[in-house]
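Listed below, chain by chain, are the residues.
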Amino acid sequence: MKQTRLIIAGGFLGAGKTTLIWDVAQRLMAKGLRVGLITNDQAPELVDSRLLRQANLQVKEVAGSCFCCNFDGFTNAIKGLRKEVEADVILAEPVGSCADLTATIIRPLKKYLDTEVLVSPLTGLSDPMRLKSIIYGGDGGLHEDAAYIYRKQLEESEVILITKTDLLTETEQEKLKKDTQTCFPHTTVMTASVQNGIGVLEWLDEVANRQGSGKKILDIDYDKYAHGEAVLGWLNGTVAVTDSKPVYWDILLKDIMNGLAKVVKKEKLRVGHIKVIAENGPQYAVGNITGDAATLQLRGTAGSGENLKLIVNARVETTPEHLNELVKDVLATAIDDQYDNEILAWRFLQPGRPNPTHRIV
């Protein structure tokens with residue numbers, strides 16, 4: 001079997017990784033290519049995986065630790081997609097708080113799976129609002145050690161892709177691109193918006209055809225890196241909601257997301273991301289908060305029906321226990337008095353110290 005092109009789209013929480021790989025997968029399949037996707041998180045029950053599967057994409061999930069700390073799990077996912085899908089291209093989305101990918105993922109892949117995969121240059125996606133703050137000396141609305149991870153992600157990226165450029169004017173976009181290039185002169189800086197389609201194909205052409213990945217090795221403080229992850233509480237939960245008569249479920253999702261946004265604002269919480277997907281069979285809607293309450297976005301429609309599945313993923317700067325209380329309180333207010341409900345899965349945690357399987361420098 002020929003080599004599979006592996007494109008790793010990294011970047012901090014809320015940068016738009018899932019949205020990008022969903023769009024790119026559709027474009028590649030329209031060309032007749034076989035595509036597989038790999039998602040990654042510290043815990044199972046991922047909104048990202050469900051969203052991608054709703055589009056009938058072939059998805060493997062590496063849950064419980066990052067790619068670098070579960071390298072065998074990552075390589076098994078690659079081998080599985082090569083065997084089951086005969087994938088021409090695999091798009092992989094690492095944990096949003098993960099850095100040091102060149103030494104812990106790309107170089108080991110080139111050493112141990114060189115005959116099976118052709119690894120593209122590492123892309124680091126970056127939300128323009130956080131990026132602005134970071135490159136001009138701010139913290140991007142993050143704890144200083146979480147901001148350290150963000151900067152390290154940018155530093156090791158061979159391609160920096162500034163996403164969500166539909167939120168910027170043309171002048172703002174050009175200035176941000178120029179200033180980012182000045183900060184990282186040895187990196188290819190590109191811009192794209194999945195919303196309007198501008199720049200996506202240019203980025204894909206760059207990473208799908210360029211050779212020579214794995215040259216940027218970070219000088220990284222693992223103590224600071226570990227603390228930057230640990231300041232975030234992580235929560236993944238799945239809830240089944242039912243009613244005896246058809247319900248228009250988009251209203252419930254809106255109530256939940258507005259409730260979460262109010263909590264973020266009231267408690268002045270720093271948010272990596274909060275994602276909720278509401279699934280009514282093949283119909284679904286998604287809510288996102290990627291910073292302060294003003295970043296709340298809703299898209300899609302879950303339609304009406306008697307049964308709904310809610311998956312909640314939250315990465316917020318607070319203790320896991322407090323995050324659990326906040327999210328459960330919001331869900332209780334929106335659901336308990338109106339609908340029958342059952343928790344199918346629920347986990348809240350603080351990420352452990354990164355312990356890569358390999359680190360090749």
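Data block above holds the structure.
Along every chain, residues carry numbers that run from 1 in the direction the sequence is written. Given that the model is predicted, a residue must reach a pLDDT of at least 70 before its local features are reported, and side-chain atom pairs must reach 80 or more before they are shown or counted; all residues, however, enter totals for whole chains, interfaces and linings. The basis for every side-chain value is the complete set of non-hydrogen atoms in the structure, without hydrogens or water.

A.B. asks: Tell me what's going on with the overall build of the protein chain, and back it up with residues and numbers.
C.D. replies: Numbering of helices and strands runs from the N terminus; a helix is a DSSP stretch of H or I covering at least four residues, while a strand is a stretch of E covering at least two. In terms of regular secondary structure, the protein chain is built from 11 helices and 14 strands. Taken over the C-alpha trace, the protein chain has a radius of gyration of 20 Å; the compact-globule value for 361 residues is 21 Å, and the two agree within 12%. Overall size of the protein chain, expressed as C-alpha extent along the three principal axes, is 55 × 45 × 40 Å. A simple rule labels every residue: compare its accessible area, found with a 1.4 Å probe on the protein chains alone, to the largest value its type can have, and call it buried under 20%, exposed over 50%, or partly exposed in between. Expressed as a percentage of its 361 residues, the buried residues of the protein chain come to 58%. With C-alpha atoms as the basis for the radius of gyration, the globule rule is written as 2.2 Å multiplied by the number of residues raised to the power 0.38.

A.B. asks: Outline the packing of helix H5 (residues 128–135) against helix H6 (residues 144–156), listing residues and values.
C.D. replies: All axes are obtained by fitting lines to C-alpha atoms, using only the stretch in contact for helices, and the reported angles, taken between N-to-C directions, cover 0 to 180 degrees. Put simply, H5 and H6 touch, their axes get as near as 11 Å, and they point 95 degrees apart. In this view, H5 runs roughly perpendicular relative to H6, as classed from their interaxial angle. Contacts between H5 and H6 involve Arg-130, Leu-131 and Ile-134 from the first element and Ala-147, Tyr-150, Arg-151 and Leu-154 from the second. Classifying every residue of the contact of H5 with H6 by side-chain character gives 5 nonpolar, no polar and 2 charged. Oblique is the label for any angle not under 35 degrees, not over 145, and not in the 65 to 115 range, which are roughly parallel, roughly antiparallel and roughly perpendicular in turn. Throughout, a contact is declared for two residues whenever any of their heavy atoms are within 4.5 Å. Under this grouping Gly is polar, as are all residues other than the nonpolar Ala, Val, Leu, Ile, Met, Phe, Trp, Tyr, Cys and Pro and the charged Asp, Glu, Lys and Arg.

A.B. asks: Explain the environment of Gly-36 to me, and be specific about the residues and the numbers.
C.D. replies: Residue placement: Gly-36 occurs in strand S2 (residues 35–41). For the pair Gly-36 and Ala-87, spaced 51 residues apart in sequence, the C-alpha separation works out to 5.9 Å. Those residues within four positions of Gly-36 in sequence are excluded, and the remaining contacts are Gln-58, Leu-81, Ala-87, Val-89, Ile-90 and Leu-91.

A.B. asks: So what about the layout of surface pockets? Which residues, and what values?
C.D. replies: Detection works on a 1 Å grid of protein atoms alone, calling trapped sets that fit a 1.4 Å probe cavities and calling open sets with protein on both sides within 12 Å along at least five of seven lines pockets, with lining residues defined by an atom within 4 Å of a point. Grid points are joined across faces, edges and corners, and a volume is the space filled by probe spheres set on the points. Reported here for the second largest pocket is a volume of approximately 180 Å³. Around the second largest pocket sit Arg-5, Ile-7, Leu-28, Lys-31, Leu-33, Asp-88, Val-89, Leu-204, Asp-205, Ala-208 and Asn-209, which together line it. Sorting the residues of the lining of the second largest pocket by element identifies strand S1 (4–11) and helix H8 (200–209) as the ones contributing at least two each. Of the residues forming the lining of the second largest pocket, the biggest block, 4 residues, is contributed by H8.

A.B. asks: Go over the nonpolar core, please, and point to the residues and values.
C.D. replies: The biggest cluster of nonpolar side chains holds 53 residues, and the ones touching the most others in it are Leu-6, Ile-38, Phe-74, Ile-78, Ile-105 and Leu-109. Looking at which element gives the most residues to this core, the answer is H6, with 6 residues. Sequence-distant contacts of Leu-109, that is, excluding residues within four places in its chain, are made with Leu-6, Phe-71, Phe-74, Thr-75, Ile-78, Asp-114 and Val-119. By nonpolar core we mean a set of buried residues, namely Ala, Val, Leu, Ile, Met, Phe, Trp, Tyr and Cys, connected to one another through side-chain atoms within 4.5 Å. Formed by 35 residues, the second largest nonpolar core is a distinct cluster that contains Val-241, Ala-261, Ala-285 and Leu-308.

A.B. asks: Break down the packing of aromatic side chains for me, citing the residues and quoting the values.
C.D. replies: Stacked, edge-to-face and tilted are the three classes for Phe, Tyr and Trp ring pairs, Trp counted by its six-membered ring, which pair at centre distances within 6.5 Å; planes under 30 degrees apart are stacked, over 60 edge-to-face, the rest tilted. Enumeration over the complete set of coordinates arrives at 4 aromatic pairs. Both rings, one in Phe-67 and one in Phe-74, keep their centres 4.0 Å apart while their planes meet at 20 degrees; by these two values the pair is stacked. Both residues of the pair, Phe-67 and Phe-74, count as buried.

A.B. asks: Explain helix H4 (residues 101–112) residue by residue, including any values.
C.D. replies: The periodicity of an α-helix, 3.6 residues per turn, causes residues three or four positions apart to be oriented the same way. Multiplying 1.5 Å by the helix residue count minus one yields the expected span of that helix. Under the 1.5 Å per step criterion, the end-to-end length of H4 is 15 Å for 12 residues, consistent within 8% with the ideal 16 Å. Within the sequence span of H4, burial applies to Leu-101, Thr-102, Ala-103, Thr-104, Ile-105, Ile-106, Pro-108 and Leu-109. Packing partners of the buried residues in H4 comprise S1, helix H3 (71–84), strand S5 (117–119), H6 and helix H9 (222–230).

A.B. asks: A description of the state of the cysteines should follow, citing residues and the corresponding values.
C.D. replies: Two cysteine sulfurs form a disulfide in these notes if their separation is within 2.5 Å. On inspection of all chains with the given rule, the structure shows 0 disulfides. With no disulfide of its own, Cys-66 lies 3.1 Å from the sulfur of Cys-68, the closest cysteine sulfur.

A.B. asks: Residues and numbers for the packing of H6 against H9, please.
C.D. replies: At a minimum axis separation of 7 Å, H6 and H9 run at an interaxial angle of 115 degrees. One element, H6, and the other, H9, form an angle in the roughly perpendicular class. As for the relative orientation of H6 and H9, their crossing is left-handed in sense. Between H6 and H9, the contacting residues are Asp-145, Ala-146, Tyr-148 and Ile-149 on the first element and Lys-224, Tyr-225, His-227, Gly-228 and Glu-229 on the second. Crossing handedness is read from the near helix: turned anticlockwise from the far helix by less than a right angle, it gives a left-handed crossing, and turned clockwise, a right-handed one.

A.B. asks: I'd like a description of the pairing of strand S8 (residues 188–191), backed by residues and values.
C.D. replies: Inspection of the sheet shows strand S7 (residues 159–162) paired to S8 by 4 bridges, in the parallel sense. Paired with Ile-162 across the bridge in S8 is Thr-191. A right-handed crossover is one whose linking path, passing over the helix from the first strand to the second, runs clockwise when the strands point away from the viewer. Note on the crossover from S7 through helix H7 (residues 170–183) to S8: the handedness is right-handed. In this scheme, strands are said to pair when DSSP sees at least two bridges between them.

A.B. asks: Outline the sheet that holds strand S13 (residues 304–316), listing residues and values.
C.D. replies: Here we have 6 strands laid out as an open sheet, ordered S12-S11-S10-S13-S9-S14, and antiparallel in their pairing. The sheet terminates laterally at strand S12 (297–301) and strand S14 (340–349), the two strands that pair on one side only. The sheet shows a mean angle of 10 degrees between the axes of neighbouring strands, direction not considered. With 9 bridges joining them, strand S9 (residues 233–248) and S14 adopt antiparallel strand pairing. Paired with Ala-240 across the bridge in S14 is Glu-342.

A.B. asks: How would you summarise helix H2 (residues 47–54) if you had to cite specific residues and measurements?
C.D. replies: Here H2 lies mainly inside the structure; 6 of its 8 residues are buried. Along H2, the positions that sit buried rather than exposed are Val-47, Asp-48, Ser-49, Leu-51, Leu-52 and Gln-54. Asn-56 sits one or two residues past H2 and shows a positive phi near 60 degrees.

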